[in-house]
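# Structural description and commentary
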Amino acid sequence: MNWEEDIKKTKIEFEEKLKKIKTKEELDNVALEFLKRKGKIAQLKNYFNLLKDEEKKIFGIKFNELKNYIEKEIERLNESFKETLDSKKFYNLILSWPGKKQYIGSVHILNRAKKEIIKIFNEIGFSAIDSPEIVNEYENFDSLRIPKYHPARDLWSTLWTTKKNILLRTHTSAFQVPYLLKNLPPIRAIFIGKVYRYEATDRRHEIQFNQIEGLYIDKENKVTISQLKWVFEYFFSRFFERKANVRLRPSYFPFVEPGFEVDLKCICKRGCNICSNTGFIEIAGAGRVHPYVLKQAKLDPRFYNGFAFGCGLERILMIKYNIPDIRYFLSGDLRFIKSI
Ligand code: DAH
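What you see is a predicted model; the values in this text were computed from it and never measured.

## Looking at the overall build of the chain
Secondary structure assignment for the chain yields twelve helices and ten strands. Relative to the globule expectation of 20 Å for 340 residues, the C-alpha radius of gyration of the chain, 42 Å, shows a markedly less compact shape. In terms of its C-alpha atoms, the chain occupies a principal-axis envelope of roughly 135 × 50 × 35 Å. Evaluated residue by residue, the chain yields a buried proportion of 41% over its 340 residues. Across the chain, contacts joining residues at least 24 apart in sequence account for 65% of those joining residues at least 6 apart. Counting every atom, the chain has about 20,700 Å² of accessible surface; 54% of that belongs to carbon and sulfur. Side chains of the chain give 61 positive and 44 negative charges; the mean places of these two sets differ by 6 Å.

## What about the pattern of salt bridges?
Scanning all chains against the criterion turns up 20 salt bridges. A salt bridge links Arg76 to Glu73, with the nearest nitrogen and oxygen atoms 2.9 Å apart. Placement of the pair is Arg76 and Glu73 together in helix 5 (residues 53-96), with a separation of three residues, close to one helical turn. A salt bridge links Glu133 to Lys194, with the nearest nitrogen and oxygen atoms 4.0 Å apart. Of this pair, Glu133 sits in the loop between strand 1 (127-128) and strand 2 (134-136) while Lys194 sits in strand 5 (residues 187-196); the two residues are 61 residues apart in sequence, bridging distant segments of the chain.

## Examining the sheet that holds strand 4 (residues 166-168)
If you trace the three strands from one edge of the open sheet to the other, you get 2-4-3, paired in antiparallel fashion. Strands with a single pairing partner mark the edges of an open sheet, and in this sheet they are strand 2 and strand 3 (159-160). Of the strand pairs in this sheet, strand 3 and strand 4 are connected by two bridges, and their pairing is antiparallel. The residue of strand 4 that forms the bridge with Leu159 is Leu168.

## Concerning the sheet that holds strand 8 (residues 256-265)
Across the sheet, seven strands lie side by side as 1-5-6-10-9-8-7; this open sheet has mixed pairing. A single partner strand is all that each edge strand has here, and the edge strands are strand 1 and strand 7 (246-251). Across ten bridges, strand 5 lies against strand 6 (residues 208-219) in antiparallel orientation. Each residue of the ladder has a partner; that of Ile187, found in strand 6, is Ile217.

## Side note on the packing of aromatic side chains
Counting across every chain of the model gives 28 aromatic pairs. With 6.4 Å between their ring centres and 70 degrees between their planes, Phe126 and Tyr216 make a pair best called edge-to-face. Note that Phe126 is positioned in the loop between helix 6 (109-123) and strand 1 and Tyr216 in strand 6, a separation of 90 residues in sequence. Of the two residues examined, Phe126 and Tyr216, each falls in the buried class. Their ring planes at 85 degrees and their centres at 5.5 Å tell us that Tyr216 and Phe307 sit as a pair that is edge-to-face.

## What to know about a negative patch on the surface
A cluster of acidic residues, Glu4, Glu5, Glu54 and Glu55, forms a negative patch on the protein surface. When residues of the negative patch are traced back to their parent elements, those giving at least two are helix 1 (3-20) and helix 5. Take Glu5: it is sitting in helix 1.

## Notes on the site of the ligand
Close to the ligand lie 16 residues, the nearest being His171, Ser173, Arg197, Gln211 and Glu213. Between the ligand and Trp156, the relevant distance is 3.3 Å, taken from an oxygen atom to a side-chain nitrogen or oxygen of the residue. His171 places a side-chain nitrogen or oxygen 3.0 Å from a nitrogen atom of the ligand. Taking 360 Å² as the accessible area of the ligand by itself, protein coverage stands at 92%. Of the residues in the shell around the ligand, the class split is seven nonpolar, seven polar and two charged.

## With respect to the domain arrangement of the chain
By a widely used convention, the size of an interface equals the accessible area lost when the partners come together. The domains assigned to the chain are domain 1 (3-96) and domain 2 (109-339). With centres defined by C-alpha atoms, the gap from domain 1 to domain 2 works out at 86 Å.

## A short note on the packing of helix 9 (residues 225-240) against helix 11 (residues 313-321)
Contact geometry of helix 9 with helix 11 gives a least axis separation of 11 Å together with a crossing angle of 50 degrees. The orientation of helix 9 with respect to helix 11, classified from their angle, is oblique. Read as a crossing pair, helix 9 and helix 11 show a hand that is right-handed. Across from Phe235, Phe236, Phe239 and Phe240 in helix 9, the residues of helix 11 making contact are Ile316, Leu317, Ile319 and Lys320.

Basis of the calculations
Residues numbered from 1 in each chain as written. Predicted model: local features only at pLDDT ≥ 70, side-chain atom pairs only at ≥ 80, totals over all residues. Heavy atoms only, no water. Helix = DSSP H or I, 4+ residues; strand = E, 2+ residues; numbered from the N terminus. Rg over C-alpha atoms; globule rule 2.2 N^0.38 Å. Buried < 20%, exposed > 50% of the residue type's maximum accessible area, 1.4 Å probe, protein only. Contact = heavy atoms within 4.5 Å. Areas by Shrake-Rupley, 256 points an atom, 1.4 Å probe, with all protein chains shown as cover. Lys, Arg positive; Asp, Glu negative; His and termini not counted. Charge placed at Lys NZ, Arg CZ, Asp CG, Glu CD. Salt bridge = Lys/Arg side-chain N within 4 Å of Asp/Glu carboxyl O. Pairing = 2+ DSSP bridges. Phe/Tyr/Trp six-rings, centres within 6.5 Å; stacked < 30°, edge-to-face > 60°. Patch = residues over 30% accessible without salt bridge, like charges linked within 9 Å, V, L, I, M, F, W, Y side chains within 5 Å. Near = heavy atom within 4 Å. Polar contact = N/O pair within 3.5 Å; in protein donor to acceptor, adjacent residues only side chain to side chain. Nonpolar A, V, L, I, M, F, W, Y, C, P; charged D, E, K, R; others polar. Domains from an automatic or database assignment. Axes fitted to C-alpha atoms, helices over the stretch in contact; angles between N-to-C directions. Parallel < 35°, antiparallel > 145°, perpendicular 65-115°, else oblique. Left-handed = near helix turned anticlockwise from the far one by under 90°.

Here it is, written out as structure tokens:
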């Protein structure tokens, strides 16, 4: 009965077993062997009952030393197993996960549509022209036969600037006369850009939206309304990627005579909520450019004629993509932006 021997032996035995451990399971077994109730350490404890008081003290110290040592070693190894286990798991996850697709952004639907529309019109000889958004009262109204105090001005609720006579254009038609003053017919042009209205917003109205203005002026009264209809049918067929039928319905705009509301035949067979059960969708305004407007552009209406049209960009996109609310376009909501 030599407790010193026994303590030494137990330590050596433990260290030897420790060296051989390769798996967490083996470690657990060794831990049990030494630390469980009635395990190797517990057996050593029996010396407490056998030894005399003075020896008990020294034994107690040595015993505790060994016990602490074994516990610490086991804990240390346990930790290192945990670490490798974690890193293994992490490694496996990286290998097996499908890569997360990064959203790197995209061109906004309005800009994409503008580009596409310009391309379509380019193909039939219309050039896309940049036009200013801040214009004067004459350009936006008077040049287009919408005089001051005339009720026709109420058609366009206006955002005026603090500068006298200067406003945010309410329609792209404001560039018709300025452009015609600088360019001689034949003219085939489109102006695409933002326009502004001082209006309450709802799902069909925004204070800022985009219009596509078309203008075709030529000499010798060459331009006809059937050409206008053809341009619409061509453009909409390309844009909506289906055969488009168009109807011209008499309407009033001060700067054209005759003036038309342009209706697109709906794809439904009479009865859907896009066309409000009418079979046709109101899609643009158009007409033969009024002689008054030509005169403002210093063109003699006896020799020149032409047509003009104006169409809301958001409107045709809402029809094409079934977008229920115009306010989505400027909301910045990524769910909307990513969806088209
Ligand atoms: N400028 C009109 C608007 O904003 C749309 C329009 C109608 C433009 C008829 C035209 C046209 O060029 O001929 O409501």
